[in-house]
Amino acid sequence: MNKKLIVTGGTGFVGRLFLSNLSLQGVDVICVGRKKGRISQDYNQITFEEFSNTFYPDGQEIYVLHLATFYSKLDEERENIKSAFDFSMNILNFVKKSNLINFLYTNTMFSYYPDESIRTLDYTKTKNEFSTELNNFTKKNNILYDEIFLDNTFGGIDKRKKALPLIVDAVLNQKPSPIKDEQAYINLVSYKDILNRIYKSITTDIYGSTAFVNEKRINLQSVYEFLNKYNLNKIEENNILQFKPNIYLKNSPSINLFGLKLNDIQKELVNYLNTT
């Protein structure tokens, strides 16, 4: 094989889904993370130390899908966030010496939230610090760099304690809505769309910094009510769902789906409920 795809964060939500749905001919996949572990029957994750001591590119074309991160809003997790940044820098510094063709990095839309406390989180700042390092290196060396800004991804097997898994759990177990703020709106994209976007980046020459989000936000309480009604009568009452325009800051990256059509949110919410 003359191509190698280095995947970081394979044990995470998007990483596991990507690897379980991966179908690339002629590409050798290596999964690297901060901790060693089994991802699936096809993939094991090795540490950076093991990777750096055993991997010899030998002129092969190297592609990097960098999904690894450590998300937290808590000050006490600062060391873990810094560790994730250091891991990112280790990966970048190592592949600098190889025949690097394309570096795909998933960043966060937190930088463009109106709430300053979100924009100034250690998590947000380190994501952007690494983005700057990547931009500088790839521009200087004429390497393709595809930076995808994501917000909220849902679907599949999701054990994260985030809004959508909590809503689905409440609906299936006939519990009250877990949403504390009934006026809360978030941007949602199905994991299937994210996987399609990543696959397109790996197989084509996409580059630049763009947002991969929906055009509108959805009200979380209305998602609970929509799914609760569907769970009771198996009828999709789409009028229950409430949407509003996005409120990202004006300097946010433009939305570019690169010809991809996002899956219908209503259908994907129902699919998520039915497969949980």
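Presented here is a report on the structure given in the accompanying data block. (Residues numbered from 1 in each chain as written. Predicted model: local features only at pLDDT ≥ 70, side-chain atom pairs only at ≥ 80, totals over all residues. Heavy atoms only, no water.)

**Some points on the sheet that holds strand β3 (residues 37-38)**
(1) Moving on: What the eight strands build is an open sheet, ordered β3-β4-β2-β1-β5-β6-β7-β11; its pairing is mixed. Where the open sheet ends on each side, the last strands, each with one partner, are β3 and β11 (208-211).
(2) Moving on: Pairing of strand β1 (residues 3-8) with strand β5 (residues 61-66) involves six bridges; the strand directions are parallel. The residue bridging Lys4 from the neighbouring strand is Ile62, located in β5.
(3) Moving on: The strands touched by helix α5 (residues 122-140) are β5, β6 (99-108) and β7 (144-150); relative to β6, the strand with the most contacts, the crossing angle is about 155°.
(4) Moving on: On the sheet, helix α7 (residues 191-203) packs against β1, β5, β6, β7 and β11 and is oriented at approximately 170° with respect to β7. (Pairing = 2+ DSSP bridges. Helix = DSSP H or I, 4+ residues; strand = E, 2+ residues; numbered from the N terminus. Contact = heavy atoms within 4.5 Å. Axes fitted to C-alpha atoms, helices over the stretch in contact; angles between N-to-C directions.)

**What to know about the environment of Lys200**
(1) Moving on: Tracing the chain through its elements places Lys200 in helix α7.
(2) Moving on: The spacing of Lys200 and Phe87 is 113 residues in sequence and 26 Å in space, taken between C-alpha atoms.

**Considering α5**
(1) Moving on: For α5, built from 19 residues, the straight-helix expectation of 27 Å at 1.5 Å per residue is met to within 8% by its first-to-last C-alpha distance of 27 Å.
(2) Moving on: Residues of α5 that are buried include every one of Tyr123, Thr124, Thr126, Lys127, Phe130, Ser131, Leu134, Asn135, Phe137 and Thr138, and no others.
(3) Moving on: Where α5 is buried, its residues touch β5, α3 (78-95), β6, α4 (116-119) and β7.
(4) Moving on: Trailing α5 by a residue or two, Asn142 shows a phi angle of about 55°, which is positive. (Expected span 1.5 Å × (residues − 1). Buried < 20%, exposed > 50% of the residue type's maximum accessible area, 1.4 Å probe, protein only.)

**Observations concerning the nonpolar core**
Within soluble globular proteins, side chains that are nonpolar generally end up buried alongside one another.
(1) Moving on: In terms of nonpolar packing, the biggest core is built from 28 residues, with Leu5, Phe18, Leu19, Val29, Leu65 and Ile198 touching the most fellow members.
(2) Moving on: Elements with a minimum of two residues in this core: β1, α1 (13-20), β2 (27-33), β5, β7 and α7.
(3) Moving on: Non-local contacts of Leu65, meaning those with residues more than four positions away in its chain, are made with Leu5, Ile6, Val7, Thr8, Phe18, Leu104 and Ile198.
(4) Moving on: Core analysis: the second largest hydrophobic core is formed by 25 residues, Ile62, Ile91, Phe130 and Leu134 among them. (Core = buried A, V, L, I, M, F, W, Y, C linked by side-chain atoms within 4.5 Å.)

**Topic: the pairing of strand β4 (residues 44-47)**
The side chains of a regular strand alternate, first on one face of the sheet and then on the other.
(1) Moving on: Across three bridges, β2 lies against β4 in parallel orientation. Looking at the pairing, Val32 lines up with Ile46 of β4.
(2) Moving on: By the bridge criterion, two bridges tie β3 to β4 in an arrangement that is antiparallel. By the bridge assignment, Gly37 is partnered in β4 with Gln45.
(3) Moving on: The hairpin turn running from β3 into β4, its antiparallel successor, is five residues long.

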